[in-house]
Amino acid sequence: MYSKPDLRINLIPIAFKKNKFAGSELPYEDEDQLKELRNTYRESHVIKRRKNKIQCVPLTDESELIGTEKQFSVKNDFILASRLVQESIIRFLKSKDMQFRRLFNPTSIVITKENLMKEVVNDNEIASVIPMHPEYQFESRVIVPHNRKVVFGILLNFNVCQLIEATAKDLIDRDMDISGCYVVADSTHEFPVVDKRYRKRLVGKVKDVDGQILKLDDFNEQDQIDATSCYLEPSLRNIRQCLMALSGQDIQKTQEKRLSQTFKVKGAKNQTDRIERIRDWLEKYQPFNCGGGLSFDITSDILQLKSGNEAGNYNNLQSPTYVLRPGGSITVRGIIDKKIDEKGPYDAESFPKKRVNIAVLYPERFKGEVELFIKQFRDGVPPRPGKETPFAQGFIRKYRLTGCTLEMFPIDSDNEDANGYKTACLRALQDNQEDIDLAIIVIREDFHHLYGERNPYLVSKSTFMSQGVPVQAIEIETIRDQRGRPWILNNIGLATYAKLGGIPYMLTSASGLTHELIFGIGSSNVMSRRLGDSGRFIGITTVFSGDGNYLLYNLTKEVLYEDYQDALLQSLKDAIDEIKARYAWQKGDKVRLIFHQSFKKFKDVEALAVKDLVDSIPDFEVEYAFVHISRSHPWKVYDKNVAGINHYENYQKYTKGESVPFRGFCIPLGPKTGLLTLTGPHQLKNHLQGCPEPILVSIHHESTFKSWEYLAGQIYNLTFMSWRSFFPSAMPVTIEYSDFIARMMGSLRDISNWNPDILNTKLRESRWFL
């Protein structure tokens, strides 16, 4: 039974011993001045810019005065005080002879005495060649409530530091094939205090081995390198190859052991245990001197959150209400799936094509299994005695269609490659007298390891989509999952209906006088090389109404990075113009434009550019918000009262999600920043998945609409609007759909004759990417 939450953040609070500290100030002139000051006084001062001033705080009593003497306040100069705490942490870790991996952003140390690889391979020699150590990251952070009672603390995050210590020559001598692997070499760019093992630079990708010389394919400066002077990049792919070459053990079992050891560092309960041990260790050495006469102590526990709406508190968001008819005549609070069984989808009365034609491509040797699966897709899964069975109605009845023609196109078992699949695709397109509305393609799981034109799935998708036909793929391994079949078919049915242009369900929206549009902004890098030229980009804009209805997406042309912003702005303008015309906005209407972006923060120049775009729409009263939604941050949330839930893998019972908070907790960290938990125990894939990151939601200061609580609640609601599955997603659809499009475009760009322009024409309003 789930009890009242005991939410914690991975923050060890600190308490300053006084509220004032001494320093100095001088006028800011330019970035060169600031850089020179920092380089000159790196060891003796903390130097920080604040608007048109440079603040300086001496770290010791002997440090010289720079500029005009000034008294600073912990309350008013909390960012400067936080920087002093960070410097104090660095000096303390240096005094304890810790091995640094990074000095700043974040300060990171590696616990080399704990080699997790020893438990993976049971061989000390191999474990010393590819060691795996816990990595602890320390950052000084603040939580800023409206009443300015700032909470200061040390944020602790955890990672696993995987290394490959053997040189490329050592691995070649052990008969390891390193072709296609990226290699790294020693770098001098890091701070000297960072251990040499972690000061590496990416050199290139191995094309060929000529004795002791590696010929490189993708490189920055040199097209070859001596194998004795470089190492394999410690990527997951390279680690896997090393394990296969060196251990001789079953690679799947070895990978499971590696995951189990990683969980010792990344599991939520394991992280809280480590934080408490670190807190106890730090407490032994307090007080910590910061400089400027300021010092702090460690408080008694990791930060516990209380219920409330202020920064540093939490509130639990409610699941949204769904709508199953235009005008809101049928609403659903709770599980939408069952109500669709009863009432049909949102557009049941207006969906134009009630009889659909689907082509099914499959390897002939799987004929029996595929035919049964496809029959159950169309007609439904037999009900289980005494239990509710999802998708018992089947696709036709659930989505209120009048018919579904399924034409089968077998692929010869001796020809299950890209050419065989393409031949079947062309046959389906040529032989079918009626237009194909959608293609279902049965693939094998191992196809995902094939790239470009060797991948049957990508070749098939390209062939059908070039003719404006969306594709639904299903792995034969998934078809064979008998226990999960009702849920598998249920989600495939949902995605299929959406790909056909249907609207399964919507969310309620507060009726108001403001037209609200939400833009998901993404990008796809069409560069096939990691090094060298900056490459070209395609901007992706998905557009949703305030109630979560997917409206359309726009793609820019391929452009150089320096031209990306202009192309994206033009794409946004085109999208706004189309929506404005489609919904007949009237002069003087109020319009709210909300921009979601995840791959990077909005820069001031980007925000100002969009601001200029808004100013070019003079007939409307426009407000806007720039919202960054990120999973790349150091914050974690735990719930000590969650004991975990039962989970079955391969008919074995496990517990997953211990100390992982449930979905829907909203935690403000300041007026314009906060956390949302979108992955709870039920959403974890297995019992060894690490502690999930909450998403960090930040509003850019140039926004004119700044209600963080409203925007955070809207983001949470949009996680229920992915028509890929009836289960809520880990990101709002504004970001998820853009990511789907970006990933698929990146995969399809290596297919011959693929033309992305088709996505801006026949498939523009289709959810082909689900």
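Residues numbered from 1 in each chain as written. Predicted model: local features only at pLDDT ≥ 70, side-chain atom pairs only at ≥ 80, totals over all residues. Heavy atoms only, no water.

> Please clarify how the sheet that holds strand S26 (residues 506–507) should be interpreted in this entry.
Strand pairing in a sheet relies on backbone hydrogen bonds, with the paired strands running either antiparallel or parallel. Ordered by their spatial adjacency, 3 strands build an open sheet running S21-S20-S26, and the pairing between neighbours is antiparallel. Bordering the open sheet on either side are strand S21 (331–333) and S26, each of which pairs with just one other strand. (Pairing = 2+ DSSP bridges. Helix = DSSP H or I, 4+ residues; strand = E, 2+ residues; numbered from the N terminus.)

> Is there a simple way to think about the packing of helix H12 (residues 418–431) against helix H13 (residues 456–465) in this case?
In a pair of packed helices, the angle between the axes and the distance between the axes together describe the arrangement. Remark: H12 packs on H13, axes separated minimally by 8 Å, with the N-to-C direction vectors making an angle of 25°. Comparing the axis directions of H12 and H13 gives the class roughly parallel. Judged by the twist between their axes, the crossing of H12 over H13 is right-handed. Between H12 and H13, the contacting residues are Ala418, Tyr421, Lys422, Cys425, Leu426, Ala428 and Leu429 on the first element and Pro456, Val459, Ser460, Thr463 and Phe464 on the second. Class assignment of the residues belonging to the contact of H12 with H13 gives a composition of 9 nonpolar, 2 polar and 1 charged. (Axes fitted to C-alpha atoms, helices over the stretch in contact; angles between N-to-C directions. Parallel < 35°, antiparallel > 145°, perpendicular 65-115°, else oblique. Left-handed = near helix turned anticlockwise from the far one by under 90°. Contact = heavy atoms within 4.5 Å. Nonpolar A, V, L, I, M, F, W, Y, C, P; charged D, E, K, R; others polar.)

> When you look at helix H1 (residues 31–40) in this model, what are you seeing that I'm missing?
Every α-helical turn comprises 3.6 residues, leaving residues that sit three or four positions apart pointing alike. Taken residue by residue, H1 has Gln33, Leu34 and Leu37 as its buried positions. What you see down the axis of H1 is that its buried residues fit within an arc of 100°, all on one side. Every exposed residue of H1 that faces more than 90 degrees away from the buried side is listed here: Asp32, Lys35 and Glu36. Sitting at the amino-terminal end of H1 is Asp30, which places a side-chain oxygen 3.2 Å from the backbone nitrogen of Asp32. (Buried < 20%, exposed > 50% of the residue type's maximum accessible area, 1.4 Å probe, protein only. Arc of directions from axis to C-beta. Polar contact = N/O pair within 3.5 Å; in protein donor to acceptor, adjacent residues only side chain to side chain.)

> Can you help me understand the pairing of strand S32 (residues 621–630) in this one?
Consecutive residues of a regular strand have side chains that alternate between opposite faces of the sheet. Buried residues dominate S32, accounting for 7 of its 10 residues. Pairing analysis gives 4 bridges linking S32 to strand S38 (residues 695–699), with the strands arranged antiparallel. Among the inter-strand pairings, His628 is bridged to a residue of S38, identified as Ser698.

> Help me out: how do you make sense of the nonpolar core in this one?
One recurring pattern in soluble globular proteins: nonpolar side chains tend to sit buried together. One finds Phe395, Phe464, Tyr505, Leu676 and Leu759 to be the most contacted residues of the largest nonpolar core, which totals 111 residues. With 9 residues, the single largest contributor to this core is helix H19 (residues 733–748). Among all residues touching Phe464, those that are not within four sequence positions of it are Leu361, Cys425, Ala428, Leu429, Ile436, Ala439, Ile441, Val469 and Val471. Grouped together as the second largest cluster of nonpolar side chains are 78 residues, Val46, Leu80, Ile109 and Ile111 included. (Core = buried A, V, L, I, M, F, W, Y, C linked by side-chain atoms within 4.5 Å.)

> How should the sheet that holds strand S22 (residues 355–363) be read in this particular structure?
Taking strand neighbours across the sheet as the criterion, the 4 strands line up as S23-S22-S24-S25 in an open arrangement whose pairing is parallel. Of all the strands in the sheet, just strand S23 (403–411) and strand S25 (471–475) have a single pairing partner and so form its edges. Pairs of neighbouring strands in the sheet enclose a mean axial angle of 20°, with direction left out of account. Sheet topology places strand S24 (residues 438–443) next to S25; 5 bridges connect them, and they run parallel. Residue Ile443 lies in a different strand from S25, and its bridge partner there is Glu475. The strands that H13 touches are S22, S24 and S25; relative to S24, the one it contacts most, it runs at about 170°.

> Would you mind going over helix H15 (residues 485–499) with me for this structure?
Helix length check: H15, at 15 residues, gives a terminal C-alpha distance of 21 Å against a target of 21 Å (1.5 Å per residue), a fit within 8%. Counting buried residues in H15 gives 14 out of 15 residues, a clear majority hidden from the surface. The positive-phi residue at the C-terminal boundary of H15 is Gly501, with phi of around 100°. (Expected span 1.5 Å × (residues − 1).)

> Looking at this model, I keep getting lost on the layout of surface pockets. Mind explaining?
One way to see where empty space is left: roll a probe the size of a water molecule over the atoms. Of the pockets and cavities examined, the second largest pocket occupies roughly 1900 Å³. Lys48, Ile79, Arg83, Arg141 and Val142 are, among the 50 residues lining the second largest pocket, the residues nearest its centre. Elements with a minimum of two residues in the lining of the second largest pocket: H1, strand S4 (45–50), helix H2 (78–95), strand S9 (132–143), S32, strand S36 (665–670) and S38. Ranked by residue count, the leading element in the lining of the second largest pocket is H2, at 7 residues. Here the lining of the second largest pocket is composed, by residue class, of 18 nonpolar, 18 polar and 14 charged. (1 Å grid on protein atoms, 1.4 Å probe; cavity = no way out; pocket = protein on both sides within 12 Å on 5 of 7 lines; lining within 4 Å. Points joined across faces, edges and corners; volume = space filled by probe spheres on them.)

> Would you mind going over the side chain of Ser187 with me for this structure?
With respect to the helices and strands, the residue Ser187 is situated in the loop between strand S11 (182–186) and strand S12 (200–210). Assessed through its relative accessible area of 9%, Ser187 is described here as buried. Sequence-distant contacts of Ser187, that is, excluding residues within four places in its chain, are made with Arg199, Lys200 and Arg201.

> Help me understand the pattern of salt bridges, please; the structure alone is not making it clear to me.
Close approach of charged atoms allows side chains with opposite charge to pair. All told, the structure shown has 36 salt bridges when counted by the stated rule. For Arg50, the salt bridge goes to Asp77, with nearest N and O atoms at 2.6 Å. With Arg50 in strand S4 and Asp77 in the loop between strand S6 (68–73) and H2, the pair connects residues that are 27 residues apart, well separated along the chain. We classify Arg50 as partly exposed; its relative accessible area is 37%. Assessed through its relative accessible area of 9%, Asp77 is described here as buried. Between Arg279 and Asp280 there is a salt bridge, with its nearest N and O atoms 2.9 Å apart. For Arg279, a relative accessible area of 8% translates into the label buried. Overlapping salt bridges bring together Arg365, Glu416, Arg444 and Asp446 as one network. (Salt bridge = Lys/Arg side-chain N within 4 Å of Asp/Glu carboxyl O.)

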